[in-house]
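Geometric and topological summary
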Amino acid sequence: MSYTLIEAVTCKHCGSTVMIEKLNCNNSDSIFTGSLSTKSCPKCHKSSSYSYKIKNKQFVDLR
């Protein structure tokens, strides 16, 4: 079974709030790392890239 993680983050271009979404996360207890892009910012219409770490079904390190 998989799940989706969604979290509000700051646009790296203008500072507005945008959503980052990781689809199809695995139900394992392992730690996952990778990178994602945000949805388009409602203010400046750009995307921001973030690296992430997922542990216990939560983002624990977004940069």
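Just above, that's the structure.
Just so you know, these numbers come straight off a predicted model, no measurement behind them. (Residues numbered from 1 in each chain as written. Predicted model: local features only at pLDDT ≥ 70, side-chain atom pairs only at ≥ 80, totals over all residues. Heavy atoms only, no water.)

1. A word on the overall build of the chain
Along the chain, the regular secondary structure elements total 0 helices and 5 strands. When the helices and strands of the chain are placed in sequence order, the string is β-β-β-β-β. Each of the three principal axes of the chain carries a C-alpha extent, and together these read 35 × 20 × 15 Å. In the chain, which comprises 63 residues, the share counted as buried stands at 25%. (Helix = DSSP H or I, 4+ residues; strand = E, 2+ residues; numbered from the N terminus. Buried < 20%, exposed > 50% of the residue type's maximum accessible area, 1.4 Å probe, protein only.)

2. Observations regarding the side chain of threonine 38
Of note, threonine 38 is situated in the loop between strand S3 (32–37) and strand S4 (49–55). For threonine 38, the residues in contact, after removing those within four places along its chain, are Val9, Val18, Met19, Ile20, Ser47, Ser48 and Tyr50. (Contact = heavy atoms within 4.5 Å.)

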